Amino acid sequence: DQAAGLRQMISTPQCRTISLSGGRGDAGTTSLVINLATALAERQRQVIVLDEFTGLQNIPHRLHLNPGFELEHVLRREVSLIDTLIESQYGFGILPIAPKPQLLAHLNEGEQRWLAAEFEQLTEHVDYLLLDTRPAMAQGVPSLSLAADDVVIVLSNRAESLTDAYATIKQLATEYARRDFRVLVNRVASLGEALTLFERVREVAQQYLGDDIQLKLIGYVPEDDWLNRATRLGRPVLEAFPDAEASAAIRQLADALLRWVPPRQQGNTMASFIYRLVESSRLLADRLHYE
């Protein structure tokens, strides 16, 4: 009825989870996550980045931020989840989320509900969770990609990147029934080059995995030395060099992302996310056990 429609219009939107997954071939996924989070924060969106990497590869190190607690401390009940959040100076938070898969895999039903409640409290007013995920080739199963609403495959014009992109799509499609993928092409000279790479991956995926595999090109980011300089400085290119071509492309991507149709699933998004995360960790733990 009309009242229900009005309630829906003014209700708080659900937090959307978006995984960005690259591979070898200098895909530049982590830099894209940092800059996309910065662009969304510029647009007054509340953003938390979930970082699946550790050590020198993770986002706090890239931004010269001091590491704090990790998810393993939360699972051992030493701190609350909010204590692990690292606030960046660019308007978004960073949540380290790289525990051993066995820790998540062995959570019982009550512990899952408790962890979901922790996430709900942390993300109550968050619009986007951006997931910087391990590529499929690294650990056997890209666990955060399995848990996300949307999977973005980051592609560059390198043979290794094309190979890893197809491997990720194949694994998520054949083993975990994922059918829809978005593709972001990075570090290319033109839209024409981006379209050529996208069509190559789409043709191979549909040839070997079936026509029901849907790939959608969401944009491209040009090769830009200003982006490389900003990365070396430990800063987003949007902040360090706002007029760079890469900055303009990432802002366009953020604007497009804001227009994406909401995911189909209804109900408690964070609880669903946690249950998917735990289930993906069980799959990963089982695979590592048998390998």
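Residues numbered from 1 in each chain as written. Predicted model: local features only at pLDDT ≥ 70, side-chain atom pairs only at ≥ 80, totals over all residues. Heavy atoms only, no water.

**Points about the packing of helix α2 (residues 29-42) against helix α13 (residues 245-257)**
Contact geometry of α2 with α13 gives a least axis separation of 9 Å together with a crossing angle of 65°. When the axes of α2 and α13 are compared, the crossing they make is right-handed. Here α2 contributes N35, L36, A39, L40 and E42 to the contact with α13, which in turn contributes I250, R251, L253, A254 and L257. Of the residues contributing to the contact of α2 with α13, the split by class is seven nonpolar, one polar and two charged. (Axes fitted to C-alpha atoms, helices over the stretch in contact; angles between N-to-C directions. Helix = DSSP H or I, 4+ residues; strand = E, 2+ residues; numbered from the N terminus. Left-handed = near helix turned anticlockwise from the far one by under 90°. Contact = heavy atoms within 4.5 Å. Nonpolar A, V, L, I, M, F, W, Y, C, P; charged D, E, K, R; others polar.)

**Overview of helix α6 (residues 109-122)**
Taking 1.5 Å per residue as the helical rise, α6 with its 14 residues ought to reach 20 Å, and the 20 Å between its terminal C-alpha atoms agrees with that figure. For α6, every residue scored as buried is listed here: Q112, L115, A116, E118, F119 and L122. Projected onto a plane normal to the axis of α6, the buried residues spread over an arc of 155° and lie on a single side. The distance from a side-chain oxygen at the start of α6 to the backbone nitrogen of G110 is 3.1 Å, and the residue carrying that oxygen is N108. (Expected span 1.5 Å × (residues − 1). Buried < 20%, exposed > 50% of the residue type's maximum accessible area, 1.4 Å probe, protein only. Arc of directions from axis to C-beta. Polar contact = N/O pair within 3.5 Å; in protein donor to acceptor, adjacent residues only side chain to side chain.)

**With respect to the pairing of strand β1 (residues 16-21)**
Among the six residues in β1, six count as buried, and that is most of the element. Across the two faces of β1 the burial is the same, with R16, I18 and L20 and T17, S19 and S21 all buried. Where β1 meets strand β5 (residues 128-133), six bridges bridge the pair, whose relative direction is parallel. Within β5, the residue paired with L20 across the bridge is D132. Note: β1 against strand β6 (residues 150-155), four bridges, orientation parallel. What sits directly across from I18, in β6, is D150. (Pairing = 2+ DSSP bridges.)

**Overview of α2**
Helix length check: α2, at 14 residues, gives a terminal C-alpha distance of 20 Å against a target of 20 Å (1.5 Å per residue), a fit within 8%. When you tally the buried positions in α2, you get 13 out of 14 residues, the bulk of the element. Directly beyond the C-terminal end of α2, a positive phi value near 65° is found at Q44.

**Section: empty space enclosed by the protein**
Left-over empty space is what a probe sized like a water molecule reveals as it rolls over the atoms. Evaluated as defined, the whole model comprises four cavities of 30 Å³ or more. Volume-wise, the second largest cavity comes out at about 60 Å³. Forming the boundary of the second largest cavity are S31, I34, N35, R62, L63, L227, A230, T231, G234, R235, P236 and V237. Listing elements by their share of the lining of the second largest cavity, those giving two or more residues are α2 and α11 (225-233). Considered class by class, the residues forming the lining of the second largest cavity number six nonpolar, four polar and two charged. (1 Å grid on protein atoms, 1.4 Å probe; cavity = no way out; pocket = protein on both sides within 12 Å on 5 of 7 lines; lining within 4 Å. Points joined across faces, edges and corners; volume = space filled by probe spheres on them.)

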